[in-house]
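A look at the structure
The chain contents come next:
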Amino acid sequence: MFNSTNYTKCWLNYKAIDAEKVRECFANVILMSADRVAITAAEEYCEHMGAMLDAKIEYSTDIEYEPAVCLQVEEDDDCDALTNQSFYIEKNEDSYAIVGKSGYALLQGVYAFLRMVYLGDLEKIDGQRYEFTPSMPLRIVNHWDDMDGSIERGYSGRSFFYDNYEMFYNDRVEYYAKLMASIGINAIVINNVNVHQNETYLITDRYLEIVRKYSDLFGKYGMKLFLSVNFAAPMELGNLEVSDPLDSDVCKWWEKAIAHVYEVIPEFGGFLVKADSEGRPGPFTYGRTHADGANMLARELKKYGGLVIWRCFVYNCGQDWRDTKTDRARAAYDHFMELDGTFDDNVILQIKNGPMDFQVREPVSPMFGGLKKTNMMLEVQIAQEYTGQQIDLCYLIPMWKEILEFDTFAEGEGSTVEKIVSGKAYGNKYCGMAGVINTGDDENWTGNELAAANLYGYGRLAMDPSLSAEDIAREWIRFSISKEDDIVDDVAKLLGGSWATYEKYNAPLGIGWMVTPHYHYGPDIDGYEYDRWGTYHRADLHGIGVDRTDSGTGYVNQYNEPWRNIYADRDRCPEELILFFHHLPYTYELKTGKTVIQYIYDTHFEGVEEVREMIGVWKNLEGRIDRRIYDNVLERFERQLNNAIEWRDRVNTYFYRKCGIDDAKNRKIFR
Ligand code: GCU
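Nothing here was measured: the structure is a model prediction, and the numbers come from that model.

1. Some words on the domain arrangement of the protein
Along its sequence, the protein is carved into domain 1 (10-132), domain 2 (138-467) and domain 3 (505-546 + 583-659). The distance between the C-alpha centroids of domain 2 and domain 3 comes to 30 Å. In this assembly, 32 residues from domain 2 lie in contact with 30 residues from domain 3. Carbon and sulfur atoms supply 52% of the area buried between domain 2 and domain 3, which totals about 2,500 Å² over both sides. Inspection of the region where domain 2 meets domain 3 yields one salt bridge.

Right, here's the structure in full:
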């Protein structure tokens with residue numbers, strides 16, 4: 001049975017604030033709306049403000065109090081899916097008004113206000129109206145939880161939704177919803193994209209009642225519930241012979257199934273679909289396109305305001321390693337570009353950040369700069385499958401910021417990924433970010449206590465990509481660990497440098513992989529080299545890297561200019577990606593004058609040293625922070641050090657044995 005009772009408060013750990021920061025109005029909260037989510041906003045206000053004032057406070061619906069904090073909803077008929085998430089906070093004499101365009105917007109306004117009070121930022125908005133509209137219309141988390149209770153790529157225990165094919169409702173699930181709302185999440189997919197036999201039944205009466213309870217809970221916070229569905233459901237549940245999207249019986253089957261879902265759950269959000277990918281069924285079986293598949297579902301969902309989120313993680317996972325022309329990196333673009341403009345307006349394509357699979361370093365997927373007439377959503381992995389599995393510290397916000405800031409040149413300069421996935425580039429209504437979540441039933445939710453910064457940061461970044469990675473880190477630390485300046489500085493430094501450190505001891509220069517097959521933690525340089533997954537480094541005695549230029553797979557041509565030329569030119573290609581795009585001799589000189597082989601040796605030695613330094617910084621915090629947190633992170637750091645050493649020695653030895661070139665600094669490389 002999973003751990004449903006023992007859990008920390010995570011970042012919602014409001015504590016009493018200094019008396020001089022308290023204002024008279026804080027305890028007088030007036031709710032001027034009967035909206036269900038506005039009521040939640042008032043309750044949230046009372047709970048967290050109560051903790052800050054160390055007093056029990058209750059909201060009133062009576063306007064006579066003064067000074068007060070007034071919570072209001074001002075609906076606006078012209079609002080769309082994004083602008084109805086706008087709120088403002090304003091000070092009038094000694095009172096504050098928090099005004100949202102919807103109950104959800106008000107709730108977000110309340111969380112913003114509480115944050116300002118707790119972090120001592122309230123003065124900043126005195127004398128001016130603080131207005132806010134989230135950047136991404138949709139800010140989704142994807143659970144890869146399976147109904148047997150396991151979590152695919154879960155590194156913090158078991159599912160707190162399911163066990164043994166049952167779905168549970170309890171305090172922990174309730175608290176979870178609150179945590180998600182507090183960082184601005186507005187949609188949750190509760191089951192794995194790989195929909196196995198039992199999960200196929202989530203859209204049937206076997207589970208719909210309990211799914212409705214979840215939907216009601218999420219709805220209380222203004223969040224929508226989505227389900228991952230099995231494209232072959234008409235065959236598995238309806239005994240049809242096919243699941244061909246153009247077959248009229250198949251269409252009728254979905255029509256009925258979807259109508260029933262909405263009968264039970266009128267607020268249902270829609271479907272997430274992984275089709276024709278890694279063994280999952282899909283439209284290709286019937287010679288149909290992904291637009292045929294997605295639109296079939298979209299037509300029915302549209303009747304109820306539902307969405308289809310269709311994943312683009314479609315590639316040939318049965319490749320022959322001898323074949324150097326087929327390139328997995330090309331696959332999404334090759335499959336989906338020709339379909340641009342053919343998807344219904346309630347279909348969103350969910351695109352992984354890179355063309356491969358959440359490696360520590362990848363170029364940004366060319367899909368973002370390619371598609372122009374299709375709703376797009378950026379998928380990132382908060383769960384650290386390839387980035388240390390919540391054992392090693394790897395703060396991912398700097399990576400996601402780089403991706404959002406990447407200029408695709410789709411419509412000339414300034415066409416950043418952020419502009420595209422927030423809908424600003426093409427005026428799309430449905431778009432945003434999806435994050436594969438890193439939670440489980442561990443007491444601290446995320447295994448490594450510091451991994452919660454990635455979850456917190458994901459929500460905050462999707463709301464407001466103008467926040468810096470460092471600001472987000474500092475904010476999270478002050479809620480979760482300590483408000484003392486030197487502690488905040490130290491932990492922020494640890495988080496801030498952790499991705500770069502991880503990259504140093506991992507696979508070099510953008511080549512990726514080199515991980516233990518299946519588990520994806522720890523090094524196995526040739527683990528995937530002769531396998532079917534399309535993930536090769538092509539190292540031989542002369543050099544390493546994949547030629548993705550015209551003389552190789554031609555992948556570079558999927559980018560707009562100037563990227564196409566920059567990536568194709570080994571002298572101009574960003575060095576952190578050079579082996580992703582080029583096969584280079586070990587003796588090739590990088591811009592620093594260092595050879596590729598020397599760069600590999602150096603970074604792997606440095607990576608280990610940096611982990612040692614991180615441990616030193618952490619050890620200085622002993623006695624100054626919560627013991628549970630201190631011990632948890634120290635234990636993880638010790639495992640990280642072993643991992644880094646293993647990576648260093650295996651990578652260095654592997655390449656030394658391939659090329660026979662000595663380390664210029666004569667350090668220990670095992671022969
Ligand atoms: C990765 C991951 C799988 C997952 C897949 C996906 O390949 O290892 O566990 O199912 O991505 O995103 O669909």
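2. Things to note about a positive patch on the surface
Positive charge collects at one region of the surface, where Lys9, Lys15, Lys21 and Lys483 lie side by side. Mapping lysine 15 onto the fold places it in the segment before β1 (29-31). For lysine 15, a relative accessible area of 46% translates into the label partly exposed.

3. Focus: helix α14 (residues 485-505)
One full turn of an α-helix is made of 3.6 residues, so residues set three or four places apart face in the same direction. Relative to the 30 Å expected for 21 residues at 1.5 Å per residue, α14 spans 30 Å between its end C-alpha atoms, a close match to the ideal helical length. Maximum bend of α14: about 45°, positioned at serine 498. Considered for burial, the residues of α14 that qualify are Ile487, Val488, Val491, Ala492, Leu494, Leu495, Ser498, Trp499, Thr501, Tyr502, Glu503 and Tyr505.

4. A few points about the side chain of aspartate 276
By the element assignment, aspartate 276 lies in the loop between β12 (270-273) and α7 (290-302). No salt bridge forms around the buried aspartate 276; measuring N to O, its nearest opposite-charge neighbour arginine 280 is 9.9 Å away. In this structure the side chain of aspartate 276 is engaged in a polar contact, spanning 2.9 Å, whose partner is the backbone nitrogen of phenylalanine 284. Non-local contacts of aspartate 276, meaning those with residues more than four positions away in its chain, are made with Pro281, Gly282, Pro283, Phe284, Thr285, His290 and Val314.

5. Concerning the sheet that holds β12
The strand order around the closed barrel formed by eight strands is β7-β10-β11-β12-β13-β14-β15-β16, and the pairing between neighbours is parallel. Between one strand axis and the next, the sheet turns by 25° as a mean value, whatever way the strands run. Sheet analysis places strand β13 (residues 307-311) next to strand β14 (residues 347-352), joined by four bridges and oriented parallel. Each residue of the ladder has a partner; that of isoleucine 309, found in β14, is isoleucine 348.

6. Thoughts on the sheet that holds strand β6 (residues 130-132)
Pairing in this open sheet of six strands is mixed, and the strands run β2-β1-β3-β5-β4-β6 from one edge to the other. Among the strands making up the open sheet, the edge pair consists of β2 (59-60) and β6. Here β1 pairs with β2 via two bridges, running parallel. If you follow valine 29 over to β2, its bridge partner there is tyrosine 59. Lying on the sheet, helix α1 (residues 36-53) is in contact with β1, β2 and β3 (69-73); it crosses β1 at an angle near 170°.

7. Details of the packing of aromatic side chains
As enumerated under the stated definition, the model contains 46 aromatic pairs in all. Consider the rings of tyrosine 96 and phenylalanine 113, whose centres lie 5.2 Å apart with planes at 65°: the pair is edge-to-face. Separated by 17 residues along the polypeptide, tyrosine 96 in strand β5 (residues 95-100) and phenylalanine 113 in helix α2 (residues 103-119) bring together distant segments of the chain. Arranged with centres 4.9 Å apart and planes meeting at 90°, the rings of tryptophan 321 and tyrosine 530 form a pair that is edge-to-face.

8. Overview of the side chain of glutamate 199
Looking at the secondary structure, you find glutamate 199 in the loop between β10 (187-189) and α4 (208-220). Reaching out from glutamate 199, the side chain makes a polar contact with the backbone nitrogen of methionine 147 at a distance of 2.7 Å.

9. Digging into the pairing of strand β11 (residues 224-229)
Each regular strand displays side chains that alternate between the two surfaces of the sheet. Extensive coverage of β11 is indicated by the burial of five of its six residues. The β-α-β motif built from β10, the intervening α4 and the parallel element β11 has right-handed crossover chirality. With four bridges connecting them, β11 and β12 associate as parallel partners. Looking at β12, one finds that phenylalanine 226 is bridged to glycine 270.

10. Considerations on unusual backbone geometry
That bond from glutamate 561 to proline 562 is cis: its omega, 5°, falls within 30 degrees of zero. Among the structural elements, proline 562 can be located in the loop between β17 (543-544) and α15 (563-568). At histidine 520, a residue that is not glycine, the phi angle is positive and equals roughly 70°. Along the polypeptide, histidine 520 turns up in the loop between α14 and β17.

What counts as what
- Throughout, a residue's number is its position along its own chain's written sequence, starting from 1.
- Two thresholds apply to this predicted model, a pLDDT of at least 70 for residue-level local features and 80 or more for giving and counting side-chain atom pairs, whereas whole-chain, interface and lining totals are computed over all residues.
- Side-chain metrics rest on all non-hydrogen atoms present in the structure, leaving aside hydrogens and water.
- Throughout the structure description, domain borders are defined by an automatic or database domain assignment.
- Any pair of residues with heavy atoms lying within 4.5 Å of one another is described as a contacting pair.
- By definition, the buried area sums, over both parts, the 1.4 Å-probe accessible area that each loses when the two are put together.
- Salt bridge criterion: a side-chain nitrogen from Lys or Arg within 4 Å of a carboxyl oxygen from Asp or Glu.
- Each patch is built from residues that are more than 30% exposed by relative accessible area and take part in no salt bridge. Like charges join if they lie within 9 Å; nonpolar side chains (Val, Leu, Ile, Met, Phe, Trp, Tyr) join within 5 Å.
- For every accessible area listed, the method is Shrake-Rupley and the probe measures 1.4 Å; residues are considered covered only by the protein chains on display.
- Under this rule, positive means Lys or Arg and negative means Asp or Glu; His and the chain ends count for nothing.
- Lys charges are placed at NZ, Arg charges at CZ, Asp charges at CG and Glu charges at CD.
- Numbering of helices and strands runs from the N terminus; a helix is a DSSP stretch of H or I covering at least four residues, while a strand is a stretch of E covering at least two.
- Relative accessible area decides the class of each residue, using a 1.4 Å probe on protein chains only: under 20% of the type maximum gives buried, over 50% gives exposed, and in between gives partly exposed.
- Helix span, expected: 1.5 Å multiplied by one less than the number of residues in the helix.
- To get the bend at any residue, fit one axis to the seven residues that end at it and another to the seven that begin at it, then take the angle between the two axes.
- Identification of polar contacts relies on pairs of N or O atoms within 3.5 Å, with a donor-acceptor requirement for protein atoms, meaning one able to donate a hydrogen and the other able to accept it, and with residues adjacent in sequence counted only if both atoms are side-chain atoms.
- Two strands form a pair only when DSSP identifies at least two bridges running between them.
- Convention adopted: a line fitted to C-alpha atoms gives each axis, helices being fitted over their contacting stretch, and angles between N-to-C directions are expressed from 0 to 180 degrees.
- Between 30 and 60 degrees the pair is tilted, below 30 it is stacked and above 60 it is edge-to-face, where a pair is any two Phe, Tyr or Trp rings, Trp via its six-membered ring, whose centres lie within 6.5 Å.
- Look down the strands so they point away from you; if the path from the first strand over the helix to the second goes clockwise, the crossover is right-handed.

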